[in-house]
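Structure at a glance
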Amino acid sequence: MSFFKRSPSDSSSNYGGIPSKMPTPIRQRSPMPTKQFLSPPSVDPEPFYLLKDPPISGPGSEVTGETHMISHYGLEHSYNKFSTKKLKEQLSAFLPLLPGNIDTVSSQDNSSLQSVIEKPPITKEITTFTTGMLQGFKLHPGSIPDQYKLLHHQPAKKHKHKKHKRDHRIPELSEPMSAGAEAGGDNGHEKKHKKTKKHGDQDGEKKKRDKKKKKKKARQDPMHPGMPATHEGSGPGRP
Amino acid sequence: MSSSQPDKFEPLVENLERFIEITRQLGLVVSDFQPQGQAPLNQKLHMLVSSLQELDKNKEQVQDVQVPLELIYEYVDQGKNPQLYTKDCMERAVAKNELVKGKIETFRRFKKALVTELGKMFPEEIDRYKTVRGSDT
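Residues numbered from 1 in each chain as written. Chains lettered and ligands numbered in written order. Predicted model: local features only at pLDDT ≥ 70, side-chain atom pairs only at ≥ 80, totals over all residues. Heavy atoms only, no water.

Some thoughts on the overall build of chain A
When its secondary structure is counted, chain A shows seven helices and one strand. Beginning at the N terminus, the succession of helices and strands in chain A can be written as α-α-α-α-α-β-α-α. When each of the 239 residues of chain A is scored for burial, the buried share is 11%. Put simply, of all contacts in chain A between residues at least 6 apart along the chain, 33% involve residues at least 24 apart. (Helix = DSSP H or I, 4+ residues; strand = E, 2+ residues; numbered from the N terminus. Buried < 20%, exposed > 50% of the residue type's maximum accessible area, 1.4 Å probe, protein only. Contact = heavy atoms within 4.5 Å.)

Some thoughts on helix H2 (residues 38-58) of chain B
In this model H2 of chain B runs 30 Å from its N-terminal to its C-terminal C-alpha over 21 residues, within 8% of the 30 Å that 1.5 Å per residue would give. Along H2 of chain B, the residues classified as buried are Gln38, Leu41, Asn42, Lys44, Leu45, Leu48, Val49, Ser51, Leu55 and Asn58 of chain B. (Expected span 1.5 Å × (residues − 1).)

Thoughts on the side chain of Gln38 of chain B
Looking at where Gln38 of chain B falls in the secondary structure, it is placed in helix H2. We classify Gln38 of chain B as buried; its relative accessible area is 16%. At 3.1 Å, the side chain of Gln38 of chain B forms a polar contact with the backbone nitrogen of Leu139 of chain A. With residues near it in sequence (within four places) discarded, Gln38 of chain B still touches Phe137, Lys138 and Leu139 of chain A together with Phe33 of chain B. (Polar contact = N/O pair within 3.5 Å; in protein donor to acceptor, adjacent residues only side chain to side chain.)

Focus: helix H4 (residues 83-121) of chain B
When the terminal C-alpha atoms of H4 of chain B are compared, their 57 Å separation across 39 residues agrees well with the 57 Å that a helix rising 1.5 Å per residue should span. Buried residues belonging to H4 of chain B abut helix H1 (69-72) and helix H2 (76-84) of chain A together with helix H3 (69-76) and helix H5 (123-133) of chain B.

Concerning the nonpolar core
Side chains of nonpolar character tend, in soluble globular proteins, to be buried together. In terms of nonpolar packing, the biggest core is built from nine residues, these being Ile70, Phe82 and Leu87 of chain A together with Leu71, Tyr75, Leu84, Tyr85, Met90 and Val94 of chain B. Listing elements by their share of this core, those giving two or more residues are H3 and H4 of chain B. Residue contributions to this core peak at four residues, all from H4 of chain B. Contacts of Leu84 of chain B, omitting those with residues within four sequence positions, involve Leu87 and Glu89 of chain A together with Tyr75 of chain B. Counting residues in hydrophobic clusters, the runner-up holds eight residues, among them Phe48 and Leu51 of chain A together with Val115 and Leu118 of chain B. (Core = buried A, V, L, I, M, F, W, Y, C linked by side-chain atoms within 4.5 Å.)

Looking at unusual backbone geometry
All names here are of chain A. Not every positive phi belongs to a glycine, and Asn110 is a case in point at roughly 55°. Relative to the elements of secondary structure, Asn110 occurs in the loop between helix H3 (91-94) and helix H4 (113-118). Using a relative accessible area of 69% as the deciding quantity, one classes Asn110 as exposed.

Side note on the packing of H2 of chain A against H4 of chain B
Running from amino to carboxyl end, H2 of chain A crosses H4 of chain B at an angle of 110°, the nearest separation of the two axes being 10 Å. If you check the angle between H2 of chain A and H4 of chain B, you find them roughly perpendicular. Note that H2 of chain A runs across H4 of chain B; the crossing there is left-handed. Contacts from Ser78, Tyr79 and Phe82 of chain A of H2 of chain A reach H4 of chain B at Gln83, Thr86, Lys87, Met90, Glu91 and Val94 of chain B. Looking at the contact of H2 of chain A with H4 of chain B residue by residue, the classes come out as four nonpolar, three polar and two charged. (Axes fitted to C-alpha atoms, helices over the stretch in contact; angles between N-to-C directions. Parallel < 35°, antiparallel > 145°, perpendicular 65-115°, else oblique. Left-handed = near helix turned anticlockwise from the far one by under 90°. Nonpolar A, V, L, I, M, F, W, Y, C, P; charged D, E, K, R; others polar.)

A look at the interface of chain A and chain B
Each partner contributes to the interface: chain A provides 62 residues, whereas chain B provides 55 residues. In total, about 5,300 Å² of surface goes out of reach between chain A and chain B, with carbon and sulfur atoms giving 69% of it. Linking chain A with chain B are one salt bridge, by the criterion used here. Residues Arg108 of chain B and Glu66 of chain A are paired through a salt bridge, measuring 2.7 Å at the closest nitrogen-oxygen approach. There are 15 residue pairs in polar contact (both at pLDDT 80 or more) connecting chain A and chain B. Contributions of two or more residues to the side of chain A that touches chain B are made by H1, H2, H3, H4 and strand E1 (142-143) of chain A. The element contributing the most residues to the side of chain A that touches chain B is H4 of chain A, with four residues. A class-by-class count of the residues in the side of chain A that touches chain B yields 33 nonpolar, 17 polar and 12 charged. (Buried area = accessible area lost by both parts, 1.4 Å probe. Salt bridge = Lys/Arg side-chain N within 4 Å of Asp/Glu carboxyl O.)

What about the confidence of the model for chain B?
The share of residues in chain B with pLDDT of 70 or more is 93%, and the mean pLDDT across the chain is 90. Interface confidence in the predicted complex, given as ipTM, is 0.76; pTM for the same model is 0.58. (pLDDT = per-residue confidence, 0-100.)

What to know about a nonpolar patch on the surface
Among the surface-exposed residues, Leu113, Val116 and Ile117 of chain A together with Leu69 of chain B lie close enough to one another that they form a single nonpolar patch of about 320 Å² accessible area. With three residues, H4 of chain A is the single largest residue contributor to the nonpolar patch. Structurally, the position occupied by Leu113 of chain A is in helix H4. (Patch = residues over 30% accessible without salt bridge, like charges linked within 9 Å, V, L, I, M, F, W, Y side chains within 5 Å. Areas by Shrake-Rupley, 256 points an atom, 1.4 Å probe, with all protein chains shown as cover.)

Some points on a negative patch on the surface
Together, Asp7, Glu10, Glu14 and Glu17 of chain B give the surface a local cluster of negative charge. Mapping Asp7 of chain B onto the fold places it in helix H1 (residues 5-31). (Lys, Arg positive; Asp, Glu negative; His and termini not counted. Charge placed at Lys NZ, Arg CZ, Asp CG, Glu CD.)

Let's talk about the packing of aromatic side chains
The final tally for this structure, using the stated rule, is two aromatic pairs over all chains. Sitting over the face of the ring of Phe82 of chain A, Lys81 of chain A holds its NZ or CZ atom 5.4 Å from the ring centroid. Over the face of the ring belonging to Tyr75 of chain B we find Lys80 of chain B, whose NZ or CZ atom lies 5.8 Å from the ring centre. (Phe/Tyr/Trp six-rings, centres within 6.5 Å; stacked < 30°, edge-to-face > 60°. Lys NZ or Arg CZ within 6 Å of the ring centre and 35° of its normal.)

Structure follows, in structure tokens:
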């Protein structure tokens, strides 16, 4: 559909500013063989070239990016498994029965598969040891230093710290309290002050009452008529 | 994965497990070597070599198996779970699939708009084109 070949009758007309005499495009061959052109025998396909066959839709047709590839190849189960389940990052989670610590970066101890692929250690045929060769494997009794006991070193399993329920509850309970105190911190202080003031006022009133009682008693007491009451001289209520 | 593949890998897996077990036993013998341990050590070494020979024979059965180097270099060599690679690949494939699907849909809309607009300018040609193409337009 790239080019149109005009009929001679249209050459005089001007299509919206397009020059009426356009250079005739060089006819290019389609990469598709002409046999595959979809054209009914009754219709002349001459005006169109570089016309590819439309993709045949239906089962068995060419798979394009339009199709859902995961379902096309029947991988929904695997995809759902991997997308929903959280995988452990360590290699030991995939190979749990392998002895030793395998979760380390292999380049640290020169045990990488990359080095085996790039420089294969054995290029010749694998032959069995002769008696002379085994002489090189004679060992002295005793244990090796701890740093070489790699096979005994199992990866340390991470124990999940059990969280106590109380530990959760305390912050939950304390948070609103603290939040309330933060939100209306001044009010809280005021309340406390008011309480203390009230308490202080009550004490003062009691003291005043006691003083009045003592004064009355001192006045009424015939045994001690001239005995002044305590703090009498400084009392404000003295006439 | 076809159903014949588990049978194909089974001897390789068994031999690998045997090899790992012999290596582990060798490590135990060597780490605390006893005076009478030389003969068992030699025996284990022979077993190790024969196990390697068995493994070497297994390679003919798995010649057609292709393992991505990225999986080996970036995951196994780094001590990571190789299933993470499968997960990443699938997620990337789904994202790319969605992208291409979107592009195809956009081109389809563009084609529809183009045919409509061309039909206004070149009605006869587009009519003929539609006749040739049939339902595809």
